[in-house]
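Observations on the model geometry
Spelled out, the chains give:
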Amino acid sequence: MMDVPAANQRQPPFHQWAGQNGWSTAAPRGPLCDPLPSVQHLSLGSPSDPRPRHALRQASDRGCLGDLGSFSSRNNTHRSTLFANNADPSVQQIVPNAHVSPVDPAAGQGGNIPPCSLPLMSKGTQPCKPQQMSLYPPHSPYRATSHHFQPPYVHQGSLNGPQSSHQKPQPITPPSFGQCVNQNPQCTPQPAFQRANAESAVSAGYIHNYASTTSPVQQQPQWTHVRGTLNESVPRVAAQDGNIIPQSPNSESRYGLDPELLPSAVKVIAEDRAEWEGKVFVSEPFCRLPPLATTSCMIEDRGNASPFAILSTSYCVPCEGQTALLSRLPLGAVVTPLAKQHAGEKPLPVCKEPDCVVGCGWCGASMCPAMGWQDCGQRFYCPFCGKLSEVPWQHYQPTKGVDGVRVDKDMRPELSMGSYEILNSQRGEPAALLLAIDVSASALRGGHLEFVTQQIQTLLTSLIGEGVSSDVRVGLMTYDSRIHLYDLSPALSRPHMLVITETEDLQLPVREGLLVPLKDCIYGIDSVLQLVPQFSAECDDSSGVPVELPVRAGLAVLQALSCPGKLLIFHTASLIEMGHTNSSSGFFGSNKPKSIFQPSESAVSLAKECVRQGCGVHLFVLSQQDVGGAWPGNVPYLTGGALHTYSHLQGELDRERFIADLKKIVETDTGYKAELRIFVSKDLRVSGCYGLFIPGPSPGRVAMATLDRWTTLAVELAHTRGLDETRGVAIQTVLSYSTQTGDRRTRVHTLTLRCSCHLQDTFRHYQAQTLLAFYCKKMYCAVLERPLQELREELQTEITEALASYRKHCCSASVSAGQLVLPQYLRALPVYINSLRKSEVLLPGLRSSVHRRLQQRCQVLGMDTCSTATHFYPLLLPLLPSTENSTPPKPEQALRCCAVSLEPRGLYLVHAPLALLLWVGAQVPASALVELFNTNCFSSLPSGETKLPVLENPLSVRIRSLVNTLNSQVPCARKLWVVKQGDACEEALQRHLVEDKSPNGGASYADFVYHLHVNSVRLLQ
């Protein structure tokens, strides 16, 4: 489905188009509001411009205040329609017609401007009925239930949503380009040289101008940067008709907006990398905004946790709850407890529990620099509960100076560092590695068991060679409809098989020999693995084998020996749910509305048992499963494991991916039997926690079976009373976990933020990537309980109201109704949110598999902030030199994710955490094909999964090195897909071009920005 009909097709009704784009289609029939009833072409200068297109793009993207009315040179003749909404149905406000201001003669100097198309608004529009929306969602297990504050206003109606029949239609004029937001009909937009005195009244932000007139006159659109006392005006240019690259229909805007002139996420990332790449960011209390998660830099801990461990949605917290609600953006943090440190950073300090200063005895918070010392160091004030605690005599040290810091502050990590680790005195059992292999008839017929057992043998042998992992305890079992355990005791001459036929109530016949140190049982395991492919099928598996069977057996082994561990299951038989699905607990067993994302009650119950024991399940499905079978990923992902699927391991690419996945799972540093506690300042509370875990009774306490360096959670905060601006806000996460060797450790991260009574300060300290990670985890958890359409509307509504709030409360200068105003560090937020809204999880397409959506949801929920940002806005990397530049492009020179960026003579690599695509243009030089693929014919080049041949030439070496580098940055192995221009599999690439209209019907970036702006202006009318 495409948003724009072909030339020979009839224009569809608007409500049909809205449904294809993920907006509500429940609007009743009636008159529509036409925001663009007429389109006229305005000549903006000389039609000639000698500059190439890439120079024009750079000039147009140089500023921070742009023109959404800058349309491409294409003729936009179709009439676009839009339902009108009003923020207040009791108020009728009509924006006065704009008066054309004189053209700034100075602004037009420096280059000739080619013509572009600008729409003009008619004076009259058809009224529409607004919609009343619910403010708070239904109860979610991830959230707390109480709400202390009410918002200052409610958005009346979402875009194209269902409209109430009880409300009277109100006449509304959509904001025309260039109109003023005040009620003075004589107000005219000020030229750049006249706005010098109004700069201080506008907060740091980015204003995107809709340049328009009420008559076809010459006018100079501009990008203007509004920040502090600096107001630069850069002439904006558009490309010549002769130099325009033919655009894909998916790249075109329904409203004629030029996507190249919209805020660019690529430019935001590049600017941040230019500022921080390879440098040191000093993280200290009340620090400024940290680098973006996609920027690689070193962190120096001076009392605040690393931003890679804790990222706050805003680094300036509003003092009052009403102010926080007024921003319409969430208040919270994104937490990665076991985040990996940069190679050049100092290792995390570790202190022994008896030597560490004890934390608060009232609330249980750990010691941190946010504690305030009193009475010469005899007591300290806890900001998390507001109470005083006595210092034990063995940990007492006097204080010094006016600030009252302890004299031993620099010698104790818990007093001077934002992140540190405590080695507890109590030790637990070392973690075990348990292997379960399917030996049913299907597995024996598949012919891949020999390869699987060989790779397991190779991996275990390599662990022996490392020495450190040779002490890990290993167990082995096979299964069909029965369980086969193996006694691997070194005293036995050969392993003994123990068969358990009663699988309903598992009872282990023995305990000794089931888990043995690897160095003592390697030969016994090798002998069993060599015999596994020679087993004979003894049971009929035509009805399938429940994947819960080996999970329960492995869990019983770990429970019997009281140890945590990883359970690796290699499954082949057809997947069915244990106990079948004809009970009342099944999906269709009750009248209660359920989501396809909801796990079954048996899966949740089994996952809870694994969490209590610290058992992480990793499931390898080695056969291509039939569509409609039970999805086996709930238990693995809820226990910190993962689901890996292959197609019988027949191809070389599948085998390489299996080897990489198996090695990464075994060698990844993992925490077992973990508990995460979240503490916040006494005037805040934890209102929700979102991530890949089973929610408990309190959102501030999360239990996990296993976690690794990528495990990330989102924490939502809410005010209980006003904050003290002088004290600031403290957020602390305390993770208690067991290591592979059985050591019990506590990792503490503390983040101290400043407070402000001004809403403008809060907006200035938001970051788009952090908000994206927060919204992603919150929405992907909400799909368990709420309809997808409702979630998409909520996303759009929150961003619309946030833009309206920023426009109303933070922009006091003359800003016309045709100008899109964005906070400085939220320029990329619209493209991120639009990509989230039209993702396969929230907006399924015709070809979206249910199993694929279920797995993608779990994979994305477990990603950190950097991976989340790259997933929703992939890197589009050019691999060949451009025609203007003969030097090879650098990997960091990414392009915008749209079809316009793809040239037929180019090679492009699309990097996302779950996909790696190589797009080959139809006009790629034959020499490049020979150097990379060893073929000189484009038509003979195979598309789909491929492996680049090892060729000794600069292009091949450079691209293969780049692919290996990108693969090392993701948690799971990926296949390389070759996508040829015009090939049938090009749809796989279109899903990653997030600025274009997506194959599942999602709106383009330009159209989404247009609707955000129109609705945000309506809220203020």
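Residues numbered from 1 in each chain as written. Predicted model: local features only at pLDDT ≥ 70, side-chain atom pairs only at ≥ 80, totals over all residues. Heavy atoms only, no water.

Let's talk about the overall build of the protein chain
The test is simple: Secondary structure elements are taken from DSSP: a helix is a run of H or I of four residues or more, a strand is a run of E of two residues or more, and numbering for both begins at the N terminus. Any two residues whose heavy atoms approach within 4.5 Å at even a single point are treated as in contact. Residue exposure ignores everything except the shown protein chains as possible cover, and the areas themselves are Shrake-Rupley values with a 1.4 Å probe.
A count of helices and strands for the protein chain gives 22 helices and 41 strands. Put simply, 77% of the contacts in the protein chain that link residues at least 6 apart link residues at least 24 apart. Surface accessibility of the protein chain: about 40,900 Å² in total, with carbon and sulfur atoms responsible for 51%.

Things to note about the pattern of salt bridges
Note on pairing: side chains with opposite charge can pair once their charged atoms come close. Here is the rule: What makes a salt bridge here is a side-chain nitrogen of Lys or Arg within 4 Å of a carboxyl oxygen of Asp or Glu, nothing more.
Tallying each qualifying case throughout the model produces 29 salt bridges. Glu-271 is paired through a salt bridge with Lys-267; the nearest N and O atoms lie 3.9 Å apart. With a gap of 4 residues between them, Glu-271 and Lys-267 both fall in helix 3 (residues 265-276), about one helical turn apart. Among the salt bridges present, the one from Glu-429 reaches Arg-473, with a minimum N-O distance of 3.5 Å. With a gap of 44 residues between them, Glu-429 in the loop between strand 19 (419-427) and strand 20 (432-438) and Arg-473 in strand 21 (residues 473-479) connect regions that are remote in the sequence. Through salt bridges with shared partners, a single network forms among Arg-406, Asp-408, Arg-412 and Glu-414.

Examining the packing of aromatic side chains
The condition is simple: To pair, rings of Phe, Tyr and Trp, with the six-membered ring standing in for Trp, must have centres within 6.5 Å; the planes then decide the type, stacked if under 30 degrees apart, edge-to-face if over 60, and tilted in the middle. Exposure classes here rest on a 1.4 Å probe applied to the protein chains alone. A residue is buried below 20% of its type maximum, exposed above 50%, and partly exposed in between.
Counted according to the given criterion, the structure contains 18 aromatic pairs. Centre to centre, the rings of Tyr-646 and Phe-658 are 5.6 Å apart; their planes meet at 80°, and the pair counts as edge-to-face. Here Tyr-646 is found in the loop between strand 29 (642-645) and helix 12 (652-667), whereas its partner Phe-658 is found in helix 12, with 12 residues between them in sequence. No difference in accessibility class separates Tyr-646 from Phe-658, as the two residues are buried.

As for unusual backbone geometry
A positive phi angle is found at Cys-376, which is not glycine, with a value near 60°. Tracing the chain through its elements places Cys-376 in the loop between strand 14 (372-374) and strand 15 (379-381). Although it is not a glycine, Ser-562 adopts a positive phi angle of roughly 55°. In this fold, Ser-562 is placed in the loop between helix 9 (548-561) and strand 26 (565-571).

Let's talk about the sheet that holds strand 41 (residues 976-980)
Heads up, the condition is: A pair of strands is labelled paired if DSSP reports no fewer than 2 bridges between them. Helix axes are fitted only over the stretch in contact, all axes being lines through C-alpha atoms; the angle between N-to-C directions runs from 0 to 180 degrees.
Overall, mixed pairing links the 5 strands, which are arranged 37-38-39-41-40 in an open sheet. Strands at the two margins of the open sheet, each flanked by one partner only, are strand 37 (875-878) and strand 40 (944-946). Between one strand and the next, the sheet's axes are offset by a mean angle of 30°, whatever the strand orientation. Sheet topology note: the strand 39 (residues 915-920)/strand 41 ladder contains 5 bridges and is parallel.

Structural notes on the sheet that holds strand 31 (residues 684-690)
Across the sheet, which stays open at both edges, the 4 strands sit in the order 10-12-33-31 with antiparallel pairing between neighbours. In this open sheet, the two strands that pair with only one neighbour each are strand 10 (310-312) and strand 31. Taking the axes of each pair of neighbouring strands and ignoring which way they run, one obtains an average angle of 25° across the sheet. As defined by bridge partners, strand 12 (residues 332-335) adjoins strand 33 (residues 713-719) across 4 bridges and the pair is classed as antiparallel. Among the inter-strand pairings, Ala-333 is bridged to a residue of strand 33, identified as Val-715. Where helix 14 (residues 768-782) meets the sheet, it contacts strand 10, strand 12, strand 31 and strand 33, and its direction lies at approximately 95° from that of strand 33.

Some points on helix 18 (residues 865-872)
Taken across its 8 residues, helix 18 has 7 buried, putting it largely inside the fold. All of the buried residues in helix 18 are Thr-865, Ser-867, Thr-868, Ala-869, Thr-870, His-871 and Phe-872.

Regarding the packing of helix 9 against helix 10 (residues 601-613)
So the rule is basically this: Each angle is binned into one of four classes, with values under 35 degrees roughly parallel, values over 145 roughly antiparallel, values of 65 to 115 roughly perpendicular, and all other values oblique. Helix crossings are classified by the rotation of the near helix relative to the far one: an anticlockwise turn of less than a right angle makes the crossing left-handed, while a clockwise turn makes it right-handed. Three classes are used, and their members are as follows: Ala, Val, Leu, Ile, Met, Phe, Trp, Tyr, Cys and Pro are nonpolar, Asp, Glu, Lys and Arg are charged, and the others, Gly among them, are polar.
It is the contact of helix 9 with helix 10, at a shortest axis distance of 11 Å, that shows an interaxial angle of 25°. One element, helix 9, and the other, helix 10, form an angle in the roughly parallel class. Crossing angle aside, the handedness with which helix 9 passes helix 10 is left-handed. Here Glu-548, Val-551, Arg-552, Leu-555, Leu-558 and Gln-559 of helix 9 lie close against helix 10, whose contacting residues are Leu-606, Glu-609, Cys-610 and Gln-613. Here the contact of helix 9 with helix 10 is built from residues that sort into 5 nonpolar, 2 polar and 3 charged.

Re helix 17 (residues 850-861)
Condition: A helix is expected to span 1.5 Å for every residue after the first. Polar contact criterion, stated in full: a pair of N or O atoms within 3.5 Å, where within protein one must be able to donate a hydrogen and the other to accept it, and residues adjacent in sequence count only if both atoms are side-chain atoms.
Between the first and last C-alpha of helix 17 there are 17 Å, a value that for 12 residues agrees with the 16 Å anticipated at 1.5 Å per step. Among all positions in helix 17, only Arg-853, Leu-854, Gln-855, Gln-856, Arg-857, Cys-858, Val-860 and Leu-861 are buried. Those residues of helix 17 that are buried lie in contact with helix 11 (634-638), strand 29, helix 14, helix 15 (788-809) and helix 18. For helix 17, the side-chain oxygen to backbone nitrogen distance between the N-cap and His-851 is 3.3 Å, and the N-cap itself is Ser-849.

Points about the confidence of the model for the protein chain
Stated formally: Known as pLDDT, the predictor's confidence for each residue is given on a scale from 0 to 100.
Of all residues in the protein chain, 71% have pLDDT values of 70 or greater, and the mean over the chain is 77. Across residues 146-204, where pLDDT falls below 50, the model places 207 contacts with residues more than four positions away in sequence or in other chains.

Topic: the state of the cysteines
Put simply, the test is: By disulfide we mean two sulfur atoms from cysteines, separated by a distance within 2.5 Å.
Tallied over the entire structure, the rule returns 0 disulfides. Cys-316 carries a free sulfur, and the closest cysteine sulfur to it, the one in Cys-755, is 7.1 Å from it. Accessibility expressed as a relative area gives 0% for Cys-316, which makes it buried. We note that Cys-351 lacks a disulfide partner, and the nearest cysteine sulfur, in Cys-356, lies 3.8 Å from it.

Details of the nonpolar core
Note the threshold: Remark: nonpolar core denotes a set of buried residues (Ala, Val, Leu, Ile, Met, Phe, Trp, Tyr, Cys) joined through side-chain atoms within 4.5 Å.
Judged by nonpolar contacts, the single largest core of 183 residues is most densely connected at Tyr-832 and Leu-909. Top contributing element to this core by residue count: helix 14, with 11 residues. In terms of nonpolar packing, the next biggest core, distinct from the first, is built from 35 residues, Val-472, Leu-529, Val-532 and Val-666 among them.

Things to note about the environment of Gln-732
The topology assignment puts Gln-732 in strand 34 (residues 729-738). Gln-732 gets classed as buried once you look at its relative accessible area, which sits at 0%. As for Gln-732 and Val-680, which are separated by 52 residues in sequence, their C-alpha atoms are 6.3 Å apart. At 3.2 Å, the side chain of Gln-732 forms a polar contact with the side chain of Thr-750.

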